[in-house]
Amino acid sequence: MSSSETGPPDGGLPVVAPQLRALRRRASLTLEAAAREAGLSPAHLSRLETGQRQPSLPMLLSLARIYGTTVSELLGETAADRDAVVRAADMEPTAAGGWTYWQAGASGRGMQALRVRVPYGSQGDIVRVHPGEEWLYVLTGRLRLRLGDTLHRLGPGDSAHFDSLTPHRIAAEDPDGLELLFVHTLLQSPTAALCLGPTPGEAP
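Parameters at a glance
- The residue numbers shown here count from 1 along each chain, following its written sequence.
- Local features in this predicted model are restricted to residues of pLDDT 70 or higher, and side-chain atom pairs are both shown and tallied only at a pLDDT of 80 or more, whereas totals for entire chains, interfaces and linings draw on every residue.
- Side-chain numbers come from the whole structure's heavy atoms, not from hydrogens or water.
- The secondary structure listing takes helices from DSSP runs of H or I that are at least 4 residues long and strands from runs of E that are at least 2 residues long, numbered from the N terminus.
- Burial here depends on accessible area, computed with a 1.4 Å probe over protein chains only, as a share of the maximum for the residue type. Under 20% is buried, over 50% is exposed, and the range in between is partly exposed.
- In this description, contact between two residues means that some pair of their heavy atoms is separated by no more than 4.5 Å.
- By the convention used here, strands pair only if DSSP detects at least 2 bridges between them.
- The axes used here are C-alpha line fits, helices contributing only the stretch in contact, and every angle between their N-to-C directions lies in the interval 0 to 180 degrees.

1. Quick notes on unusual backbone geometry
Logical step 1: At Ser 28, a residue that is not glycine, the phi angle is positive and equals roughly 60°.
Logical step 2: Topologically, Ser 28 is positioned in the loop between α2 (16–26) and α3 (31–38).

Structure representation (structure tokens):
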């Protein structure tokens, strides 16, 4: 677990804490039920809701699916703006779990497009498994992508398109980190879950 998840908030996601609580209540979920669906302890989710901890991007994806919403709404963005074009000047960077990402698509859509900066050593031990599909395109740096038992190394211009139910891990291969485009489908079922956790055998 990265330091940004365990330490005090650094101001990177000021609106997330109240949104998390409001959206959980809108979904008629208790703290215990939501935490169970997300694979978290109730105490951990409570700290996220009070701003004592900052969620990682995968955790935001998990909670968005459980609450039947999008990461955009968790971040306090409204779905009212349905413009087809997103201008570079309007892409505000958001820090979460050591990653920095920019919304590269409109809010409230069935797919979510992000430009993501992945520093070296950040979230590389998190295994992701969730419904949907993902498409990745490496802009700069080199990506280490593990799909199931197979390790792939991707460079600038390389891409990957896979079923998100395949356990996958994303990490930067080089100390300078990497930047990629990331598109995923949002299957907004309240029972959908994103399974997160360290590599088996490692301490959480």
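2. Quick word on α3
Logical step 1: Where α3 is concerned, the buried positions are Leu 31, Ala 33, Ala 34, Ala 35 and Ala 38.
Logical step 2: In the core, the buried residues of α3 are packed alongside α2, α4 (42–49) and α5 (57–66).
Logical step 3: Gly 39 sits one or two residues past α3 and shows a positive phi near 75°.

3. Overview of the sheet that holds strand β2 (residues 99–103)
Logical step 1: Taking strand neighbours across the sheet as the criterion, the 6 strands line up as β1-β2-β3-β9-β4-β7 in an open arrangement whose pairing is antiparallel. Looking at strand neighbours, the two that pair on one side only are β1 (94–96) and β7 (159–163), the edges of this open sheet. On average, each strand axis in the sheet is tilted by 25° relative to the strand beside it, whichever way the strands run.
Logical step 2: When β2 meets strand β3 (residues 111–118), the two strands line up antiparallel, connected through 4 bridges. Bridging from a neighbouring strand, Trp 102 pairs with Arg 115 of β3.

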